[in-house]
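# Tertiary structure, described
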Amino acid sequence: MSDARIVGYLPPAGSSERTKILRLKVISADNLAKKDIFGASDPYVRIDLVTCRGDEVIDSVLTKTKKRTLNPRWDEEFLFRLKPSEHKLVLEVFDENRLTRDDFLGRVELPLVSLPREAEGRSIPNKYYILQPRSARSKFLKVRGHLQLYHAYIHESSPPSDNLDRQEEGVDTEAVPEAEPGWEMLDGA
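Overview of the structure. (Residues numbered from 1 in each chain as written. Predicted model: local features only at pLDDT ≥ 70, side-chain atom pairs only at ≥ 80, totals over all residues. Heavy atoms only, no water.)

## Looking at the packing of aromatic side chains
Applied cut-off: Stacked, tilted and edge-to-face are the three classes applied to pairs of Phe, Tyr and Trp rings, where Trp contributes its six-membered ring and a pair requires centres within 6.5 Å; stacked means planes under 30 degrees apart, edge-to-face means over 60, and tilted covers the rest. Helix and strand assignments follow DSSP, with helices taken as H or I runs no shorter than four residues and strands as E runs no shorter than two, numbered in order from the N terminus. Three labels apply to residues, based on accessible area from a 1.4 Å probe with only protein chains included: buried if under 20% of the type maximum, exposed if over 50%, partly exposed otherwise in between. For a lysine, the NZ atom is tested; for an arginine, the CZ atom; a charge sits over a ring if that atom is within 6 Å of the ring centre and within 35 degrees of the ring normal.
Under the counting rule described, the total for this entry stands at two aromatic pairs. Their ring planes at 25° and their centres at 5.7 Å tell us that Tyr-44 and Phe-94 sit as a pair that is stacked. Pair noted here: Tyr-44 is in strand 3 (residues 43–51) and Phe-94 is in strand 6 (residues 87–95), with a separation of 50 residues, a long-range link. Like Phe-94, Tyr-44 is buried. Three or more aromatic residues link up through ring pairs in this structure, and these residues are Tyr-44, Phe-94 and Phe-104. Of note, Lys-20 hangs over the ring of Tyr-153, and the distance from its end group to the ring centre comes to 4.9 Å. Positioned over the ring face of Phe-104 is Arg-134, at 4.1 Å from the centre of the ring.

Next up, the structure:
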């Protein structure tokens, strides 16, 4: 289920900018608006990583389209490199059309500053977001339903050179447990 490819923000070459990796799982949507003649929709989600100031799109990804349903289940996972204080995610649900422009079904704007971080033994529940219209002026458009998501920052593995340094010092890297963030491991003396 995991797509190992990381999308999103790419710091300039030689930069030491600190970024985080966000795991986003687009699980499902429920009770979407009917847009097709036959009383269903062919929904997909477009996920844009955008700047908080100016709404400049940095990167976009799409889920697969689910045919003839108002309650699609995608179960698709994406990894985004980003800067939480400068970026946000905008998820827009569309009904795919072959001959005309795709119909807008709703959107969710996800600020990234206070999202949880994955840790061993920690359970992070899925979140439900009510789909919103694009603006207050477009309330007359039929927008309804909600989107079920999982989102959490992942722990990035140490660079390979770190383990090489420890092996050169004679430290058994397999036997040394990794410390929780903010904790320091002390050798028993």
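There's more to say after this.
## Considerations on the side chain of Thr-51
Worth spelling out the cut-off: The definition of a polar contact used here is a pair of N or O atoms within 3.5 Å, where within protein one atom must be able to donate a hydrogen and the other to accept one, and adjacent residues in sequence count solely through side-chain atom pairs. A contact between two residues is defined here by any heavy atoms of the two lying within 4.5 Å.
Locating Thr-51 in the fold gives a position in strand 3. Residue Thr-51 is classed as buried on the basis of its relative accessible area, which comes to 16%. In this structure the side chain of Thr-51 is engaged in a polar contact, spanning 2.9 Å, whose partner is the backbone nitrogen of Glu-56. Beyond its immediate chain neighbours, meaning those up to four positions away, Thr-51 contacts Glu-56, Ile-58, Glu-86, His-87 and Lys-88.

## Examining the sheet that holds strand 6
What counts here: Two strands form a pair only when DSSP identifies at least two bridges running between them. To obtain each axis, a line is fitted to C-alpha atoms, and for helices this fit is confined to the stretch in contact; angles are then taken between N-to-C directions over 0 to 180 degrees.
Read from one edge of the open sheet, four strands run 4-3-6-7, paired in antiparallel fashion. Of all the strands in the sheet, the pair left with one neighbour each is strand 4 (57–62) and strand 7 (103–111). The average angle at which neighbouring strand axes cross in this sheet is 20°, direction not considered. Both strand 3 and strand 6 contribute to a ladder of nine bridges, which runs antiparallel. Within the sheet, the bridge partner assigned to Thr-51 lies in strand 6 and is His-87.

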